[in-house]
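Secondary and tertiary structure notes
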Amino acid sequence: MLKILCGLAASCLLATAAVQAEPIPADVAAKAKLLRDQALQDSIAYELVESLTMEVGPRPAGSAGDKAAVEWAVQMMAGLGFANVRTEEVDVPHWVRGDLAADIVAPYPQSLHATSLGGSPGTSVDGIEAEIVRVTSLDELRALDKEKLSGRIAYIDHRMEPSRSGAGYSAASRIRRCGHYIAAERGALATLIRSAGTSHHRFAHTGSLLNRGIPATIPGIALANADADLLTYQVLQGQPVNVRLKSTAHFLPREKSANVIGEVPGRGELANEIVLLAAHLDSWDLGTGAIDDGAGVAIVTAVAKMILDSGTAPRRTIRLVLFANEEFDLDGAEQYAKNHRAAITNHIIGLGADTGAGRVWSLRSRVAESSLDLVDAMHELLEPLGVERGDNRASGAPDLGPMRKASMPVLSLSHDASKYFHFHHTADDTLDKIDRDDLNQGVAAYVAITYVAANIDADFGRLTPDTRAKRSCSAEDDTWKSFPD
Ligand SMILES: [Zn+2]
């Protein structure tokens with residue numbers, strides 16, 4: 001839009017020449033608004049997550065459920081009319097939770113509600129019975145000498161606090177992934193952690209033990225928050241506390257899984273450029289994977305379907321990827337980045353959904369500085385949904401990490417996570433935790449910005465590749481930023 005602020009003809013010309021074109025053409029903005037408003041009334045996202053959770057259910061990597069989920073996704077994408085529906089093979093671990101018994105045997109015997117963490121080895125048939133050594137942080141654990149921990153069970157008692165941003169999960173999940181390596185180096189027989197979750201129900205939160213794919217050598221077990229309170233109480237009484245653990249967790253041979261891909265083809269000269277939409281198809285085994293990540297699968301698929309049905313093909317190709325095995329160690333995401341390395345610069349932006357079905361409250365980004373005006377203009381389309389403009393330091397969804405590190409810019413919509421970590425990775429991750437209106441508000445936000453990204457001339461620049469080695473469990477890497485500034 002030209003701003004006529006001048007009186008004399010000569011200065012008027014100068015002023016109009018200096019004014020830049022609007023970052024989003026009016027017709028594209030109008031269509032994005034239309035799709036946004038339509039999404040609020042739509043039912044496809046809910047139907048998708050309902051079908052995935054009710055007909056497939058739990059789908060941990062390598063399991064029969066995982067294979068059923070791949071089949072479900074292929075059929076679903078073909079049925080919805082996406083183009084180029086295909087799978088790309090991913091090699092995945094196959095871990096089995098087995099049975100677990102965790103009991104305090106002294107001083108005040110009680111059974112504990114607990115669960116094995118993903119990738120944990122089991123115990124011998126007789127189990128492990130040993131004294132508890134309680135710490136509250138990885139630093140405290142690192143400071144223990146071998147004499148103190150050898151032959152005992154390390155108990156890491158760090159409580160995750162709920163918040164809208166879910167900020168506490170980073171530290172809590174790092175304790176889950178790193179505590180057992182540090183404890184094993186000091187001779188511990190097993191690790192117990194307070195769950196990386198904010199719930200008050202009596203379910204323990206599972207999650208992966210693996211960091212950089214390095215196998216765990218001692219059992220790692222999570223306690224429900226209430227049971228961690230119980231154990232902490234007994235430890236703080238000052239007498240030795242002994243716990244017995246028996247677990248049949250184990251690995252089976254590795255299996256084949258797949259990333260499932262479908263497209264809304266672009267048209268014209270930008271058709272070979274890709275707007276990448278991501279969610280992960282796998283889930284943990286305890287619940288039915290409704291919020292993690294059935295909701296994400298539903299949101300990004302609904303977005304692609306709405307644009308497919310909108311009447312005109314987008315200018316850029318919208319590629320929907322449902323990734324394999326996010327939960328253990330991002331196998332599907334790593335494989336995708338490997339397979340598509342040569343086409344990295346065609347991936348002009350990535351947008352993923354992997355924090356549940358809560359209402360979207362912020363648009364964050366990690367794009368070139370020169371593209372910030374464009375993201376600000378996209379944000380204006382989301383203001384009626386109550387979405388704030390966040391910073392330009394987003395990591396994006398975990399599955400986008402390998403592509404982002406290789407220079408792909410990302411957009412990230414933050415879902416309200418105040419309740420997400422009550423249910424995340426527990427038996428309580430089921431469909432009834434999803435509110436249809438909140439889910440649709442998310443679809444509305446995603447579809448508006450996806451439509452714009454796929455239909456404008458401008459792009460989002462490129463990021464400087466992040467060539468650092470993966471984060472280790474060293475103290476120096478405790479403060480690691482997912483992307484250097
Ligand atoms: Zn997830």
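Residues numbered from 1 in each chain as written. Predicted model: local features only at pLDDT ≥ 70, side-chain atom pairs only at ≥ 80, totals over all residues. Heavy atoms only, no water.

**Looking at the nonpolar core**
As a rule of thumb, nonpolar side chains are buried together in soluble globular proteins. Heads up, the condition is: Buried Ala, Val, Leu, Ile, Met, Phe, Trp, Tyr and Cys residues form a nonpolar core when they are joined through side-chain atoms within 4.5 Å. A 1.4 Å probe rolled over the protein chains alone gives each residue an accessible area, and that area as a share of the maximum for its type sets the label: buried under 20%, exposed over 50%, partly exposed in between. Domain boundaries shown here were taken from an automatic or database domain assignment.
Counting residues in hydrophobic clusters, the biggest one holds 86 residues, and the most contacted among them are Ile24, Leu281, Leu322 and Ile434. Among the domains, domain 1 (26-94 + 253-455) and domain 2 (98-248) are the pair contributing at least three residues each to this core.

**Describing the sheet that holds strand S1 (residues 83-96)**
As a reminder, the rule being used: Any two strands are treated as partners once DSSP identifies two or more bridges connecting them. Helix numbers and strand numbers start at the N terminus; a helix is a DSSP run of H or I with at least 4 residues, a strand a run of E with at least 2. Residues are treated as being in contact if the distance between any of their heavy atoms lies within 4.5 Å. Lines fitted to C-alpha atoms define the axes, with helix axes restricted to the stretch in contact, and inter-axis angles between N-to-C directions lie between 0 and 180 degrees.
Read across the sheet, eight strands follow the order S1-S10-S12-S11-S13-S16-S14-S15 without closing on themselves; strand pairing throughout is mixed. Only two strands of the sheet have a single neighbouring strand rather than two, namely S1 and strand S15 (388-389). In this structure, S1 lies alongside strand S10 (residues 250-264), joined through eleven bridges in antiparallel fashion. Bridged to Glu89 within S10 is Ala258. Lying on the sheet, helix H11 (residues 331-339) is in contact with S1, S10, strand S11 (274-280), strand S12 (317-323) and strand S13 (347-352); it crosses S1 at an angle near 135 degrees.

**Some details on the pairing of strand S16 (residues 410-415)**
With respect to burial, S16 is a largely interior element, six of its six residues being buried. Side-chain alternation along S16 places Val410, Ser412 and Ser414 on one buried face and Leu411, Leu413 and His415 on a second face that is also buried. Alignment of S13 against S16, held across two bridges, turns out to be parallel. Its bridge partner being in S16, Leu351 is matched across the sheet by Leu411. Pairing of strand S14 (residues 360-366) with S16 involves six bridges; the strand directions are antiparallel. Residue pairing in the sheet places Arg366 in a bridge with Val410 of S16.

**Here we look at unusual backbone geometry**
In this structure, Pro107 follows Ala106 across a cis peptide bond, with omega equal to 5 degrees. Among the secondary structure elements, Pro107 is positioned in the loop between strand S2 (100-106) and strand S3 (110-111). Even without a glycine there, the phi angle at His425 is positive, about 65 degrees. Topologically, His425 is positioned in the loop between helix H14 (420-423) and helix H15 (436-455). On the basis of relative accessible area, His425 is assigned to the buried category, the value being 4%.

**Notes on H15**
For the record, the criterion: Expected helix span is taken as 1.5 Å per residue step, with the number of steps being one fewer than the number of residues. Under this definition, polar contacts are N or O atom pairs within 3.5 Å; protein pairs additionally need one hydrogen-donor-capable and one acceptor-capable atom, and for neighbouring residues in sequence, both atoms have to be side-chain atoms.
Taking 1.5 Å of rise per residue, 20 residues should cover 28 Å, and H15 covers 28 Å from first to last C-alpha, within 8% of that figure. Across the 20 residues of H15, 17 count as buried, placing the element largely inside the fold. For H15, the N-terminal cap is Asp435; the gap from its side-chain oxygen to the backbone nitrogen of Asp437 is 3.0 Å.

**Focus on the domain arrangement of the protein chain**
Quick reminder of the rule: Note: buried area is the sum, over both parts, of the accessible area (probe 1.4 Å) each one loses when the two are combined. By salt bridge we mean one thing: a side-chain nitrogen of Lys or Arg within 4 Å of a carboxyl oxygen of Asp or Glu.
Here the domain parsing of the protein chain yields domain 1 (26-94 + 253-455) and domain 2 (98-248). When each unit is reduced to the centre of its C-alpha atoms, the spacing between domain 1 and domain 2 is 33 Å. The interface of domain 1 with domain 2 comprises 19 residues on the first partner and 26 residues on the second. Both sides of the domain 1 and domain 2 interface together cover about 1,700 Å² of buried area, and 59% of this is carbon and sulfur. For the domain 1 face of the interface with domain 2, the top three residues by lost area are Phe328, Trp361 and Phe421, together amounting to 31%. Where domain 1 packs against domain 2, one counts two salt bridges. On inspection of domain 1 and its partner domain 2, the count reaches eleven residue pairs in polar contact (both at pLDDT 80 or more). Those elements giving two or more residues to the side of domain 1 that touches domain 2 turn out to be helix H10 (326-329) and H14.

**Describing the pattern of salt bridges**
Under the definition given, this model contains 31 salt bridges. Among the ionic pairs, Arg86 bridges to Glu263, the shortest N-O distance being 3.5 Å. Of this pair, Arg86 sits in strand S1 while Glu263 sits in strand S10; the two residues are 177 residues apart in sequence, bridging distant segments of the chain. The exposure class of Arg86 is partly exposed, given its relative accessible area of 26%. Residue Glu263 is classed as buried on the basis of its relative accessible area, which comes to 7%. For Lys433, the salt bridge identified is with Asp432, shortest N-O distance 3.0 Å. With relative accessibility at 24%, the residue Lys433 sits in the partly exposed group.

**Details of the sheet that holds S3**
Strand order in this open sheet of eight strands is S3-S2-S9-S5-S6-S7-S8-S4, and the pairing throughout is mixed. With one partner strand each, in any of the chains shown, S3 and strand S4 (114-116) form the two edges of the open sheet. Relative to strand S8 (residues 220-223), S4 is paired through three bridges, and the arrangement is antiparallel. Bridge pairing in S8 links Ser116 to Ile221.

**Here we look at the coordination of the zinc ion**
Condition: Here a donor is any nitrogen, oxygen or sulfur atom (N, O, S) within 2.8 Å of the metal, with 3.2 Å used for Na, K and Ca; water is not among the atoms considered, so some sites may look incomplete.
Only His280 (NE2), Asp292 (OD) and Asp354 (OD) from the protein coordinate the zinc ion, and they sit 1.9 to 2.2 Å from it. Positions of the donor residues of the zinc ion along the chain correspond to the pattern H-x11-D-x61-D. Placement of the pair is His280 in strand S11 and Asp292 in helix H9 (residues 290-308), with a sequence separation of twelve residues. Here Asp292 falls in the buried class, since its relative accessible area comes to 3%.

**A word on the side chain of Ser116**
Relative to the assigned elements, Ser116 resides in strand S4. Exposure remark for Ser116: the relative accessible area of 1% places this residue in the buried category. In this structure, Ser116 is in contact with Trp95, Arg97, Leu100, Thr206, Gly220, Ile221, Ser247 and Ala249, ignoring residues within four places of it in sequence.

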